[in-house]
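# Coordinate analysis (summary)
Listed below are the residues making up each chain.
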Amino acid sequence: MRWSRAARFRPLAVLLLLLGAALAPPAVAAPTGAAAAVPPAVPGELRPYDITGVYSAGVSSGGYLATQLHVAYSGTFGGSAAFASGPYGCARGSLNTALNACMDTLQDLGLDQLERTARDWSAQGLIDPVANLSGDPVYLFSGTGDTTVRQPVSDALATWYGRFGARVRYEDQVAAGHAWISPRGPNSCSVTQKPWLNDCGFDAERDLLGHLLGTVTAPAAAPGGSLIAFDQNRYATGGRAAAHSLDETGYAYVPTACADGAPCTLLVALHGCKQGYAYQGFGRQFIDGAYLNEYADTNRMVVLYPQAVPTATLDNPNGCWNWWGYLGDTAHARHGGGQIEAVMGMVRALGGGPTTPPPAGNRLVLPSVDAEDGYVKAAADGTGASVGTLEGSYGQAVGRGSDGRYNRTLLSFDTSRIPAGARVTRAYVTVTRSSGSGDPWASPAGNRLVADVRTGCFGGCGVEAADWTAAPTVAGAAVVTPFSSGSAASSDLSPAGLQALHRTGTTQVRLRFEAPQTSTAYLFLNHGTRATLTVEYE
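Reference entry: report on the structure contained in this document. (Residues numbered from 1 in each chain as written. Predicted model: local features only at pLDDT ≥ 70, side-chain atom pairs only at ≥ 80, totals over all residues. Heavy atoms only, no water.)

Turning our attention to the overall build of the protein chain. Scanning the protein chain from terminus to terminus reveals 11 helices and 24 strands. The globule rule puts the C-alpha radius of gyration for 538 residues at 24 Å, and the 25 Å found for the protein chain is close to it. Out of the 538 residues in the protein chain, the part that is buried amounts to 57%. Restricting the contact set of the protein chain to residue pairs at least 6 apart, pairs at least 24 apart contribute 76%. Carbon together with sulfur atoms contributes 53% to the accessible area of the protein chain, which is approximately 20300 Å² in total. In the protein chain, the 37 positive side-chain charges and the 42 negative ones have mean positions that sit 5 Å from each other. (Helix = DSSP H or I, 4+ residues; strand = E, 2+ residues; numbered from the N terminus. Rg over C-alpha atoms; globule rule 2.2 N^0.38 Å. Buried < 20%, exposed > 50% of the residue type's maximum accessible area, 1.4 Å probe, protein only. Contact = heavy atoms within 4.5 Å. Areas by Shrake-Rupley, 256 points an atom, 1.4 Å probe, with all protein chains shown as cover. Lys, Arg positive; Asp, Glu negative; His and termini not counted. Charge placed at Lys NZ, Arg CZ, Asp CG, Glu CD.)

Most of strand S24 (residues 532–537) is tucked away, with five of its six residues classed as buried. Relative to S24, strand S13 (residues 363–367) runs antiparallel, the two sharing five bridges. Within S24, the position partnered with Pro 367 by the bridge is Thr 532. In terms of strand pairing, strand S18 (residues 424–437) meets S24 through six bridges, oriented antiparallel. Looking at S24, one finds that Thr 430 is bridged to Thr 532. (Pairing = 2+ DSSP bridges.)

This brings us to the sheet that holds strand S8 (residues 197–199). Strand order in the open sheet formed by three strands is S6-S8-S7, with parallel pairing between adjacent strands. Edge strands, defined here as strands with exactly one partner in the open sheet, are strand S6 (180–181) and strand S7 (187–188). Pairing analysis gives two bridges linking S6 to S8, with the strands arranged parallel. Note that in S8 the partner of Ile 181 across the bridge is Asn 198.

Turning next to the state of the cysteines. Counted under the stated rule, the structure contains five disulfides. Each disulfide pairs two cysteine sulfurs, and for Cys 90 the partner residue is Cys 102, the sulfurs being separated by 2.1 Å. A torsion of -100° about the S-S bond marks the disulfide between Cys 90 and Cys 102 as left-handed. Highlighted residues: Cys 90 in the loop between strand S3 (77–83) and helix H3 (95–100) and Cys 102 in the loop between H3 and helix H4 (111–123), separated in sequence by 12 residues. Taking relative accessible area as the criterion, Cys 90 reaches 1% and is therefore assigned buried. Residue Cys 102 is classed as buried on the basis of its relative accessible area of 0%. Described in terms of the sequence order of its bonded cysteines, the disulfide pattern of the protein chain is 1-2, 3-4, 5-6, 7-8, 9-10. (Disulfide = S-S within 2.5 Å.)

On to helix H5 (residues 151–163). Count 3.6 residues to each turn of an α-helix, and residues three or four apart come out pointing the same way. When the terminal C-alpha atoms of H5 are compared, their 19 Å separation across 13 residues agrees well with the 18 Å that a helix rising 1.5 Å per residue should span. Turning to H5, its buried residues are Gln 151, Val 153, Ser 154, Ala 156, Leu 157, Ala 158, Trp 160 and Tyr 161. The inward-facing, buried residues of H5 abut helix H2 (61–72), S3, H4, strand S4 (137–141) and strand S5 (167–171). Downstream of H5 by a residue or two, Gly 165 has a phi angle that is positive, lying close to 85°. (Expected span 1.5 Å × (residues − 1).)

Looking now at the environment of Trp 321. Relative to the helices and strands, Trp 321 is located in the loop between strand S12 (301–305) and helix H10 (338–349). Judged by relative accessible area, Trp 321 falls into the buried class, the value being 0%. Residues Trp 321 and Gln 193, spaced 128 residues apart in sequence, show a C-alpha to C-alpha distance of 19 Å. Aside from chain neighbours lying at most four places away, what touches Trp 321 is Ser 61, Gly 62, Leu 65, Leu 246, Leu 270, His 271, Pro 306, Gln 307, Ala 308, Tyr 326 and Gln 339. A polar contact of 3.0 Å, which involves the side chain of Trp 321, links it to the backbone oxygen of His 271. (Polar contact = N/O pair within 3.5 Å; in protein donor to acceptor, adjacent residues only side chain to side chain.)

Inspection of the secondary structure puts Arg 510 in strand S22 (residues 506–513). For Arg 510, a relative accessible area of 3% translates into the label buried. A polar contact is formed between the side chain of Arg 510 and the backbone oxygen of Asp 467, at a distance of 2.7 Å. Contacts of Arg 510, omitting those with residues within four sequence positions, involve Arg 408, Thr 409, Leu 410, Val 450, Ala 451, Asp 452, Phe 458, Asp 467, Trp 468, Thr 469, Ala 470 and Pro 472.

Here the structure, examined in full by the defined rule, presents 16 salt bridges. Residues joined in a network through salt bridges with shared partners are Asp 112, Glu 115, Arg 119 and Arg 163. (Salt bridge = Lys/Arg side-chain N within 4 Å of Asp/Glu carboxyl O.)

Interpretation in functional terms is not warranted from these geometric data alone.
Printed below as a string of structure tokens:
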């Protein structure tokens, strides 16, 4: 069918949810013993089915990726389920933050900032509009005995989704360890051990699928569809799955009814760390034990099982999904992320979403290079310049501080990403304010915050004291009008400013007030929400 998000059975799902337990499927006896295996995998290719809705589900690192897929492509995914994971964008590209704030509670995970980042990325087109999340069903599970991803982290995920209007069902009262919860799980509920499939005495799959789909039919006694083994290389950027910590082979379970042309939903099911097929002989334990294939048969649902693989380096030795930015993938949680785009390619191949990615258009949104951003301060004549030290705490300063010195902010952008041969027609800078004191635009009256542009770097690309007075390629190439909160875009760069963009390397922008303030008046630009340079071209 021709895909559209509106084609999902949202009205029916809402109606069934409002009717509540009266329409819940009858209880079925929990299966016992080993998982009922799907028939042997058959080598093949992904082909389109009549997909009417797409959802994601995962555990641990797979839970993080399930959320990333849902948020980044909310125009395609209509809901998500996550066992034992935390809020979107939690790690911010830092393994240290991932370990201490997004698994443990040794650091504040900064929920307000995570919300702002998602809204900013949405506004910049780096993810689908976050307005899509309103009303989406989200199922979350966190065991009270989980010491791998502690419950406050999952609490934060529930809160994060709630801020965007999602319909969250959160199970947080079960004394479970760190695992996917399934009646097919060989482990007892409270343990955290291989294969991380725990039986907690209830049917979590009925609950999560009932919440996502509105209602479910009782599962089949054993899977009767087909398991397709397909080549993941063809969906990876550059044609090399291993370059993105992806296995060469992925799997898709296809019920007979779906293969015969019946309308079906699509669920992307994501294993956790150490649960991938290729991890130390783990094989199909997650595929067979997640208790999704049995429901797929009776509820017309294709289940896609993408596979991550360990790296030979220390980047990802446990075969986790990329939720902290390993292998240098700074776009891992948004459009352009290596694993996200590979999975989206698989989703599209199965008929979920447009058959080709949405056109990017002739527009780039370039985030500033965090390691090269900062601010410098000096006397009004530029003497006594030094590098500002409060960036990590407050942000990048512009204007006159309480110490009587004048601050200028430096931003770096990788403008080599502008296509070779393209003619740039427009560019502007967007910044976000975090705090400030006084009105630096009114001191003196009519003061202007201007953007100087430098082809390359003002000195070295790292922030240096000499950057305060270093000559720009174009002075005052754009102006940022007064704003007291949120984000603001500059005026378009002047024609000379457009010419100054370094097409094969870095372009730096220096923000400064034209006139020195007569008293303390400054603003801090948000360090956590990076500035962007939007470039339009033809």
